[in-house]
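Coordinates in review
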Amino acid sequence: MLLSNFKKYVRNGGKYLLHIVFPRTCFSCGKDLAWDATGPLCPICENGLALPGPLICQRCGVVLKDGGAHCFHCRGSKAAKFTCKYIRAACNFNEFSRGIVYALKYQGNKYVADYMGKWMAQRFGLFEELAGVNCVVPVPLFPTRKKRRGYNQSELIARAFCQHTGLPLDATSLVRVRDTGSQTKLGRKARVTNMAEAFEVKEESAVKGKTILLIDDVATTGSTLEACAQTLRRAGAKRVMAFVFARES
């Protein structure tokens, strides 16, 4: 018992000294984190990682500011044309989540993916419509883009998500065969066109008959997720849904 407490004090002392020399800051607001903080956000910013809502589109999960069941793009018979049946998110893409998404995607902070995947796993059970998943598939990057970044952020998030949910991960069957570039400045129609024929399934037997959950960091229009879903369904997947860390409004 005494030895255990001594080791604990030594560990904590080391963390405290490291914090003094190299203080960690919140990825959202930039304020110093507590020396014993385990996550990348301060308590205030973490509290800002709210679920989208209270009302969201029943298909694509975008926030409905004026109520209703579906957004303009999914209402009426439009919802049936989409292959990705549901898109759900663990939080809004806002001033609190933006910093952590950018830290992973553009600043090389790979460890942030563990936090994001765990956060998604904690909220996954809130969405009954996502039940029955057989396989988790991260949205793939084009090989040259992945090499340049050093990793696929969606794959890192998916691995952490699967560790905390126990769901099986398939990070190899779905591949991106065309470099679509950044879609940040593209509108909805341009994004759909840009994603056409961008993905392929290497082994159809790996996805055939399965209910697949796509994982990505952020959903904007859902065009990338839809293109992935179409490819997986053509390869024989039974059903495709998506779960992302943050949803843009």
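Now for a description of the structure that goes with this document. (Residues numbered from 1 in each chain as written. Predicted model: local features only at pLDDT ≥ 70, side-chain atom pairs only at ≥ 80, totals over all residues. Heavy atoms only, no water.)

**A word on the pairing of strand E2 (residues 135-138)**
Let me state the cut-off plainly: Each residue is assigned to one of three classes by its accessible area relative to the maximum for its type, calculated with a 1.4 Å probe on protein chains only: buried under 20%, partly exposed between the two thresholds, exposed over 50%. Each helix is a run of H or I in the DSSP string that is no shorter than four residues. Each strand is a run of E no shorter than two, and both are numbered from the N terminus. When DSSP finds at least two bridges between two strands, those strands are taken to pair.
Neither face of E2 is left uncovered, since the one carrying Cys135 and Val137 and the one carrying Val136 and Pro138 both have all their residues buried. Where E2 meets strand E5 (residues 211-219), four bridges bridge the pair, whose relative direction is parallel. The residue of E5 that forms the bridge with proline 138 is isoleucine 215.

**Brief notes about the pattern of salt bridges**
Short version of the rule: Salt bridge, as applied in this entry: a Lys or Arg side-chain nitrogen positioned within 4 Å of an Asp or Glu carboxyl oxygen.
The tally for this structure, following the rule as stated, stands at four salt bridges. Residue glutamate 155 is joined to arginine 159 by a salt bridge in which the shortest nitrogen-to-oxygen separation is 3.0 Å. On the criterion of helical spacing, the pair formed by glutamate 155 and arginine 159 is a turn pair, its members being four residues apart in helix H6 (residues 153-165). We classify glutamate 155 as buried; its relative accessible area is 13%.

**Notes on the sheet that holds strand E1 (residues 84-92)**
Inclusion rule: Angular values range over 0 to 180 degrees, each being the angle between N-to-C directions of two axes fitted as lines to C-alpha atoms, with helices fitted over their stretch in contact. What makes two residues a contact is simply this: any of their non-hydrogen atoms within 4.5 Å.
Spatially, E1-E6-E5-E2 is the arrangement adopted by the four strands of the open sheet, whose pairing is parallel. Bordering the open sheet on either side are E1 and E2, each of which pairs with just one other strand. Pairs of neighbouring strands in the sheet enclose a mean axial angle of 25°, with direction left out of account. In the packing of H6 onto the sheet, contacts are made with E2, E5 and strand E6 (239-247), and the angle to E5 comes to roughly 125°.

**Observations concerning the packing of aromatic side chains**
For the record, the criterion: Only centres within 6.5 Å qualify two rings of Phe, Tyr or Trp (six-membered ring in Trp) as a pair; their planes then separate them into stacked at under 30 degrees, edge-to-face at over 60, and tilted for everything else.
A full pass over the atoms with the stated rule returns eight aromatic pairs. Both rings, one in phenylalanine 93 and one in tyrosine 102, keep their centres 6.3 Å apart while their planes meet at 55°; by these two values the pair is tilted. Owing to a relative accessible area of 15%, phenylalanine 93 belongs among the buried residues under this scheme. The interplanar angle of 25° and the centroid separation of 5.9 Å between the aromatic rings of tyrosine 115 and tryptophan 119 together place this pair among those described as stacked. Separated by four residues within a single helix, tyrosine 115 and tryptophan 119 lie in helix H4 (residues 112-124), roughly one turn from each other. Classification of tyrosine 115 by relative accessible area gives buried; the value is 14%. Take tryptophan 119: its relative accessible area is 12%, and that puts it in the buried class.

**A short note on H4**
Note the threshold: Here the expected span of a helix is defined as 1.5 Å times the quantity of residues minus one.
The end-to-end C-alpha separation of H4 is 18 Å, in line with the 18 Å expected for 13 residues at 1.5 Å each. Among the 13 residues of H4, 10 are classified as buried, and the element is accordingly described as predominantly covered. Of all the residues in H4, the buried ones are Val112, Ala113, Tyr115, Met116, Gly117, Trp119, Met120, Ala121, Arg123 and Phe124. Buried residues along H4 sit against helix H2 (43-47), E1, helix H3 (98-105), H6, E5 and E6.

**Re unusual backbone geometry**
For residues other than glycine, phi is negative in most cases, and the peptide bonds are mostly trans. Residue proline 54 follows glycine 53 across a cis peptide bond; omega there is 15°. As for its placement among the helices and strands, proline 54 is situated in the loop between H2 and E1. Positive phi, close to 55°, is recorded for glutamate 197, a residue that is not glycine. As for its placement among the helices and strands, glutamate 197 is situated in the loop between helix H7 (188-195) and strand E4 (199-201). Note on glutamate 197: relative accessible area 60%, which makes it exposed.

**Remarks on a positive patch on the surface**
Here is the rule we go by: By definition, no residue in a patch forms a salt bridge, and every one has over 30% relative accessible area; like charges are joined within 9 Å, nonpolar side chains (Val, Leu, Ile, Met, Phe, Trp, Tyr) within 5 Å. Residue exposure ignores everything except the shown protein chains as possible cover, and the areas themselves are Shrake-Rupley values with a 1.4 Å probe. Positive charges are assigned to Lys and Arg, negative charges to Asp and Glu, while His and the chain termini are left out of the count. Charge coordinates come from a single atom per side chain, which is NZ of Lys, CZ of Arg, CG of Asp or CD of Glu.
A cluster of like positive charges, contributed by Lys85, Arg233, Lys238 and Arg239, occupies part of the molecular surface. Counting through the fold element by element, lysine 238 comes out in the loop between helix H8 (223-234) and E6.

**Examining the environment of glycine 108**
Turning to its location among the elements, glycine 108 is positioned in the loop between H3 and H4. A residue is classified by how much of its surface remains accessible, and glycine 108, at 46% relative accessible area, is partly exposed. Not counting residues within four places of it along the chain, the set of residues in contact with glycine 108 comprises Ala103 and Tyr151.

**Concerning the packing of H3 against H4**
How we decide: When an angle is under 35 degrees it counts as roughly parallel; over 145 it counts as roughly antiparallel; between 65 and 115 it counts as roughly perpendicular; any other value is oblique. Handedness of a helix crossing follows the sense of rotation of the near helix relative to the far helix, less than a right angle counterclockwise being left-handed and clockwise being right-handed. Residues are grouped as follows: Ala, Val, Leu, Ile, Met, Phe, Trp, Tyr, Cys and Pro are nonpolar; Asp, Glu, Lys and Arg are charged; all remaining types, including Gly, are polar.
For the pair H3 and H4, interaxial distance at closest approach is 9 Å and the crossing angle is 130°. By the angle class used here, H3 and H4 are oblique. For the element pair H3 and H4, the recorded crossing hand is left-handed. Side by side, H3 and H4 meet where Ile100, Val101, Ala103 and Leu104 of the first sit next to Val112, Ala113, Tyr115 and Met116 of the second. Grouping the amino acids of the contact of H3 with H4 by side-chain chemistry returns eight nonpolar, no polar and no charged.

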